[in-house]
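Observations on the model geometry
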Amino acid sequence: MTITTKIRRQGGAAVVTIPPALLQLMQTQVGDRLSLVVTDGALVARPVQAARKRYTLGELLKGSDEMAKLAETTPLDGDPVGREIG
């Protein structure tokens, strides 16, 4: 995929816009850090950290049954401390 962009000035820095499609291909998003290297006159940008792990619903819910059982067996005794609705 080849995309042409323009270098512009913002404050004292030179800024290049990266289209969303390229961010997605790089598995990065706004705010991620990139390593910039010039190799044979070409600017190469690589994500600094590995791509973020995408969790499946099963992974996110793992252990939820045990937490529900714990909540059932743990008494919630005591007087309100703050602005709890009692």
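Everything that follows concerns the structure shown earlier in this document.
First things first, this report covers the structure right here in the doc. (Residues numbered from 1 in each chain as written. Predicted model: local features only at pLDDT ≥ 70, side-chain atom pairs only at ≥ 80, totals over all residues. Heavy atoms only, no water.)

**What about the environment of Thr 28?**
You can see Thr 28 is positioned in the loop between helix 1 (20-25) and strand 3 (34-39). In the structure, Thr 28 is positioned 11 residues away from Thr 39 in sequence and 21 Å away in space, judged by C-alpha atoms. With residues up to four places along the chain from it excluded, the contact list for Thr 28 reads Leu 23, Leu 34 and Pro 47. (Helix = DSSP H or I, 4+ residues; strand = E, 2+ residues; numbered from the N terminus. Contact = heavy atoms within 4.5 Å.)

**With respect to the pairing of strand 4 (residues 42-47)**
Direction of pairing for strand 3 relative to strand 4: antiparallel, over a ladder of 6 bridges. Bridge pairing in strand 4 links Ser 35 to Arg 46. Between strand 3 and strand 4, which follow one another and run antiparallel, lie 2 residues, and Asp 40 among them has a positive phi close to 50 degrees. (Pairing = 2+ DSSP bridges.)

**Description of the pairing of strand 2 (residues 13-16)**
As defined by bridge partners, strand 1 (residues 7-10) adjoins strand 2 across 4 bridges and the pair is classed as antiparallel. Within strand 2, the position partnered with Arg 9 by the bridge is Ala 14. The turn linking strand 1 back onto strand 2 is made up of 2 residues, and Gly 11 within it adopts a positive phi angle of 65 degrees.

**Points about the environment of Ile 3**
Secondary-structure assignment places Ile 3 in the segment before strand 1. Counting along the chain gives 16 residues from Ile 3 to Pro 19, while the straight-line C-alpha distance between them is 8.5 Å.

**A word on unusual backbone geometry**
The residue Gln 27 is not glycine, and still its phi comes out positive at about 55 degrees. Examined against the element boundaries, Gln 27 turns out to sit in the loop between helix 1 and strand 3.

Honestly, that's just the spatial picture; any functional story needs more than this.
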